[in-house]
Amino acid sequence: MTSNPKTARKPVATAKKSRTAKAPAVKKTMQDMAEPKVKLTDIAYEQIEEAIITLRIPPGSVVSELTLSEMLSIGRTPIREAIQRLAREHLLLVLPQRGLLIPEIDLKKQLKLLETRREVERLICKSAARRATTEERVAFARLHDEFMHASSTNDDVSFMRSDREFNELSLIAARNEFAEGAMRLMHGLSRRFWYFHYKQAADLPEMARLHATVAGAIAKGDVKQAGEGLDRLLDNIETFTKATLLSDM
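Here the structure is a predicted model, which means the values were calculated and not measured.

### Examining the packing of helix 5 (residues 134–153) against helix 8 (residues 204–220)
Part 1: At their nearest, the axes of helix 5 and helix 8 sit 8 Å apart, and the two run at 165 degrees to each other. Between helix 5 and helix 8, the angle is such that the two are roughly antiparallel. As helix 5 packs across helix 8, the resulting crossing turns out to be left-handed. Contact residues: helix 5 offers R137, F140, A141, H144, F147, M148, A150 and S151, while helix 8 offers L204, P205, A208, R209, H211, A212, A215, G216, I218, A219 and K220.
Part 2: Counted by class, the contact of helix 5 with helix 8 contains 12 nonpolar, 4 polar and 3 charged residues.

Structure follows, in structure tokens:
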């Protein structure tokens, strides 16, 4: 009896399909195993950073890894990884056998930081305007609206959260790992300085509007406007920083 070629091939095809179907399941399982650790570390970092920047953990404080873990209800391993990142960004200092020191704010160092930040951040914003994906441009447009809302409501915490998201998205959209590495060392310190002094010398609504201008330019892909908007924003921050320095003398 002669076998039907089509019928004979079916078991082989089925076997191949079965083997192919198993691969995504294994891959998904591995991703699921990796995601909780990454997610908790990011949550720990964001919450500790916000607590430092908004002065819930004030300059000069000494805290412990255990205290942070209990405060956030997050395990010690994600907290430890977040601490390492925050230490690299100079938002805290690890004191062996003593705890974690939140450094005081240094006005003169802030001016030096601004010199570097202007050049690096201009490159990042212009690159983001040039290279952002469609999805990223949609996110920048949303941030434009959020900054305008913070400007009209004078909401400092909402502004700080939008600012952090804007900074992160700009680094991603710029696609320049060298500029990103340099900028990450400055973002947190800049936000903390501004939050610490803004009621004394800064105009939150104006600052939010300046951020909105840059976010809107990146959303539209306007490289020139993104660079010019960033310069106006940094001019404002530099004026504010110098005013703060003079008022403390």
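From this point, the narrative continues.
### Considering helix 2 (residues 65–72)
Part 1: For helix 2, the full list of buried residues reads E65, L68, S69 and L72. Buried residues in helix 2, looked at end-on, bunch into an arc of 100 degrees, giving them a common side.
Part 2: Looking at the residues trailing helix 2, positive phi occurs at S73, about 55 degrees.

### Let's talk about the packing of aromatic side chains
Part 1: Taken as a whole and judged by the stated rule, the model has 5 aromatic pairs.
Part 2: An aromatic cluster is defined as three or more aromatic residues linked by ring pairs; in this entry it consists of F140, F147, F159, F166 and W194.
Part 3: Note that R85 overlies the ring of Y45, its terminal NZ or CZ placed 3.6 Å from the centroid.

### Side note on empty space enclosed by the protein
Part 1: As enumerated under the stated definition, the model contains 3 cavities of 30 Å³ or more in all.
Part 2: Here the largest cavity is characterised by a volume of approximately 150 Å³.
Part 3: Along the wall of the largest cavity there are 14 residues; nearest its centre are R117, D163, S190, W194 and I237.
Part 4: Those elements that place two or more of their residues in the lining of the largest cavity are helix 4 (107–131), helix 6 (156–174), helix 7 (177–201) and helix 8.

### Things to note about the nonpolar core
Part 1: The biggest cluster of nonpolar side chains holds 37 residues, and the ones touching the most others in it are F140, F147, F159, F166, W194, I218 and L233.
Part 2: Contributions of two or more residues to this core are made by helix 4, helix 5, helix 6, helix 7, helix 8 and helix 9 (223–247).
Part 3: Setting aside its immediate chain neighbours within four residues, F140 contacts F166, L169, S170, A173, A215, I218 and A219.
Part 4: Counting 27 residues, the second-largest nonpolar core is a separate cluster that includes I79, L113, A174 and M183.

### Thoughts on the sheet that holds strand 1 (residues 62–63)
Picture the strands of a sheet paired through backbone hydrogen bonds; they go either parallel or antiparallel.
Part 1: Pairing within the open sheet is antiparallel, and its 3 strands lie in the order 1-3-2. Only two strands of the sheet have a single partner each, and these edge strands are strand 1 and strand 2 (93–95).
Part 2: Of the pairings in the sheet, the one linking strand 1 to strand 3 (residues 99–101) comprises 2 bridges and is antiparallel in character. Bridged to V63 within strand 3 is L100.

### Some words on the pattern of salt bridges
Part 1: Counting across every chain of the model gives 23 salt bridges.
Part 2: When the shortest N-O distance is used, the salt bridge between R56 and E50 registers 3.8 Å.
Part 3: For R56, a relative accessible area of 56% puts it in the exposed group.
Part 4: Given the relative accessible area of 12%, E50 is considered buried.
Part 5: Between E228 and K224 there is a salt bridge; the shortest N-O distance is 2.6 Å. Highlighted residues: E228 and K224, both in helix 9, separated by 4 residues, approximately one helical turn.
Part 6: Since its relative accessible area comes to 35%, E228 is described here as partly exposed.
Part 7: For K224, a relative accessible area of 58% puts it in the exposed group.

Reading guide: rules and limits
Residues numbered from 1 in each chain as written. Predicted model: local features only at pLDDT ≥ 70, side-chain atom pairs only at ≥ 80, totals over all residues. Heavy atoms only, no water. Axes fitted to C-alpha atoms, helices over the stretch in contact; angles between N-to-C directions. Helix = DSSP H or I, 4+ residues; strand = E, 2+ residues; numbered from the N terminus. Parallel < 35°, antiparallel > 145°, perpendicular 65-115°, else oblique. Left-handed = near helix turned anticlockwise from the far one by under 90°. Contact = heavy atoms within 4.5 Å. Nonpolar A, V, L, I, M, F, W, Y, C, P; charged D, E, K, R; others polar. Buried < 20%, exposed > 50% of the residue type's maximum accessible area, 1.4 Å probe, protein only. Arc of directions from axis to C-beta. Phe/Tyr/Trp six-rings, centres within 6.5 Å; stacked < 30°, edge-to-face > 60°. Lys NZ or Arg CZ within 6 Å of the ring centre and 35° of its normal. 1 Å grid on protein atoms, 1.4 Å probe; cavity = no way out; pocket = protein on both sides within 12 Å on 5 of 7 lines; lining within 4 Å. Points joined across faces, edges and corners; volume = space filled by probe spheres on them. Core = buried A, V, L, I, M, F, W, Y, C linked by side-chain atoms within 4.5 Å. Pairing = 2+ DSSP bridges. Salt bridge = Lys/Arg side-chain N within 4 Å of Asp/Glu carboxyl O.

Keep in mind these values describe shape, not function.
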